[in-house]
Amino acid sequence: MFGKGSTLDKKLYMLMVVCLFPLLIMIIYLLVLVNQSSQRYDHIVKKITMANAYNIDFKEDMDYIMYIIVVNSERAGELVDTQKPHRMLNEAREVFQNLYEIADKEYARNQINRILKSLNTLEDRVAEIERDVKVSGSYDKNMERLDLNIRILTDLIQEQIQKYIYYEATNLEILREGIRSDVDTGIRISLILCLVILAGALFISRKITDSITIPIRRLCEVAGQAGSGDFAVRAQAVEADDELSVLSTSFNQMVEKIGNLVEDIRVEQLNLRVAELKLLQAQINPHFLYNTLDAIIWLAEAGQKDQVVMMVSSLSDFFRTTLSKGKDYITVGEEEAHIRSYLQIQQFRYRDILEYEIRIPEELHGFLILKLTLQPLVENALYHGIKNKRGMGRILVTGEETGGRLVFRVRDNGRGMDEEELVRVRKMITGELMDENRASGFGLFNVEQRLRLNYGPEYGLEIDSCYGVGTEVKAVIPIVKK
């Protein structure tokens with residue numbers, strides 16, 4: 001019933017048409033019925049009223065006027081125009097002539113025709129009496145003419161008018177019965193039409209309701225499944241081009257995008273875990289551990305107990321912070337202690353080429369930072385900056401709060417990089433260029449990915465370098481209070 005392109009507006013409009021169109025037909029039918037009955041009724045009543053006016057007054061008026069003429073012809077000249085018999089006869093003839101013209105039955109026309117002939121005869125008798133009265137003044141003879149020629153004719157005319165009125169009254173009764181029958185028929189038709197309209201409205205409204213509620217119910221079920229985490233579900237396509245079809249299509253697109261986003265987040269989380277695992281593995285570098293343990297053994301054999309205690313404490317602090325009981329975030333103070341332990345151990349090994357300084361204000365120590373953010377930067381400065389430089393090298397670690405962010409810088413005065421190598425390392429940090437054989441860029445890439453995944457794309461690393469001068473790596477993170 002509701003094909004393609006049936007919008008909700010069209011469906012509701014169809015329901016309105018189904019209800020109003022039959023009602024309009026029924027109203028028009030009833031109005032036509034009432035109008036026809038009213039016209040027929042008015043037509044008959046009008047004819048009865050016109051005829052009835054002469055049924056009551058005509059005989060008495062005519063007999064009285066003719067009596068005056070017969071009794072006293074001189075007084076007859078004093079009568080006004082409306083009281084003169086010829087004037088009365090002409091008016092009566094005109095009325096019944098009109099009734100003849102509007103008569104709708106042969107019987108009525110015949111009856112009116114008799115009345116008109118009687119009026120003509122009466123007019124002739126009136127003219128004879130008026131003529132004879134002027135010639136003969138015999139009262140008895142004139143009274144005899146009045147009785148025989150006038151009163152008998154007026155009685156006849158009155159009788160004929162009564163028969164005509166009776167006929168029209170009979171038609172009026174027939175009309176009443178017809179109107180009663182038409183009213184009964186109209187009531188039956190109206191009841192049947194109302195039942196048809198009600199049934200049609202119920203059927204159409206049920207169809208419209210089902211076409212709206214069933215897709216919405218299905219959409220709610222699918223939405224519940226999607227809310228439970230099943231983003232593979234799809235709303236059933238609605239075979240229409242209405243609002244619900246648009247809603248289902250949009251919902252499917254939304255669920256698909258959400259599913260893709262969730263999958264992307266899952267992949268990013270896996271990448272994050274892989275990066276953290278690689279970073280953790282890098283921090284537990286067996287070469288670093290072996291070298292440190294060898295240095296401790298050498299110090300122990302040399303009897304340098306204080307140095308042994310310092311090395312063991314630094315190594316213990318280093319791995320304690322590395323593990324951090326599985327926590328992802330530690331305080332800035334703990335991160336500073338971590339890089340300080342690392343630099344203490346490395347300074348013992350590279351005492352001839354390494355100096356370091358850490359300038360992180362104490363007011364920053366209480367903020368939280370992603371674990372293993374600064375240590376890889378310090379390690380990168382040592383192995384790819386200081387070790388490649390002849391003579392004493394220096395690493396400076398600073399921290400500051402600026403613009404609602406925490407900014408940490410790791411500077412070294414090592415070999416530095418030329419413009420071409422700097423561009424390559426920057427691309428490796430952002431992931432545009434992958435080269436795991438270049439440990440420097442790959443380690444910084446892991447830190448960059450962890451910062452962006454945990455803090456957002458507006459945070460991360462920035463690197464700047466000048467060949468023969470040194471390198472600076474800046475880490476920008478948000479302020480996170482403990």
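Description of the structure in this document. (Residues numbered from 1 in each chain as written. Predicted model: local features only at pLDDT ≥ 70, side-chain atom pairs only at ≥ 80, totals over all residues. Heavy atoms only, no water.)

1. Things to note about the overall build of the protein
Counting its secondary structure elements, the protein contains 12 helices and 7 strands. In the protein, which comprises 482 residues, the proportion classed as buried is 38%. The contacts of the protein with a sequence gap of at least 6 include a subset with a gap of at least 24, amounting to 72%. (Helix = DSSP H or I, 4+ residues; strand = E, 2+ residues; numbered from the N terminus. Buried < 20%, exposed > 50% of the residue type's maximum accessible area, 1.4 Å probe, protein only. Contact = heavy atoms within 4.5 Å.)

2. Observations regarding the sheet that holds strand β5 (residues 405-412)
Sheet strands line up and pair through hydrogen bonds in the backbone, either parallel or antiparallel. Read across the open sheet, the 5 strands follow the order β2-β4-β5-β7-β6; overall the sheet is mixed. Two strands bound the open sheet, and with one partner strand each, they are β2 (354-359) and β6 (460-466). Adjacent strand axes in the sheet meet at a mean angle of 15° when their direction is disregarded. With 8 bridges connecting them, β5 and strand β7 (residues 470-478) associate as antiparallel partners. Directly across from R405, in β7, lies its bridge partner P478. Sheet strands in contact with helix α9 (residues 332-349) are β2, β4 (393-402) and β5, and its direction is about 170° off that of β2. Each of β2, β4, β5, β6 and β7 is contacted by helix α10 (residues 375-386), which is oriented at about 150° to β4, the strand it contacts most. (Pairing = 2+ DSSP bridges. Axes fitted to C-alpha atoms, helices over the stretch in contact; angles between N-to-C directions.)

3. Here we look at unusual backbone geometry
The backbone phi angle of L372 is positive, close to 60°, even though this residue is not glycine. When you line up the elements, L372 lands in the loop between β3 (368-370) and α10. Here L372 falls in the buried class, since its relative accessible area comes to 4%.

4. Some thoughts on the packing of aromatic side chains
The final tally for this structure, using the stated rule, is 3 aromatic pairs. Judged by centre distance (6.1 Å) and plane angle (65°), the rings of Y329 and Y455 are edge-to-face. One end of the pair, Y329, is in strand β1 (residues 329-331); the other, Y455, is in helix α12 (residues 439-455), and 126 residues separate them in sequence. Of the residues examined, Y455 reaches a relative accessible area of 12% and is grouped as buried. Geometrically, the ring pair formed by Y455 and Y459 is edge-to-face, given 6.3 Å between the ring centres and 70° between the ring planes. On the basis of relative accessibility, which here comes to 13%, the residue Y459 falls in the buried class. Among the aromatic residues, those joined into a ring-pair cluster are Y329, Y455 and Y459. A cation sits over an aromatic face here: R351 above F348, 4.5 Å from the ring centre. (Phe/Tyr/Trp six-rings, centres within 6.5 Å; stacked < 30°, edge-to-face > 60°. Lys NZ or Arg CZ within 6 Å of the ring centre and 35° of its normal.)

5. Focus on the pattern of salt bridges
Evaluation of the coordinates by the stated rule reveals 19 salt bridges. Among the ionic pairs, K47 bridges to E168, the shortest N-O distance being 3.4 Å. Of the two residues, K47 sits in helix α1 (residues 8-71) while E168 sits in helix α5 (residues 139-227), which places them 121 residues apart along the sequence. Notably, a salt bridge pairs E128 with R125, separated by 3.7 Å at the nearest N-O pair. Taken together, the positions of E128 and R125, both in helix α4 (residues 106-135) and 3 residues apart, correspond to about one turn of that helix. (Salt bridge = Lys/Arg side-chain N within 4 Å of Asp/Glu carboxyl O.)

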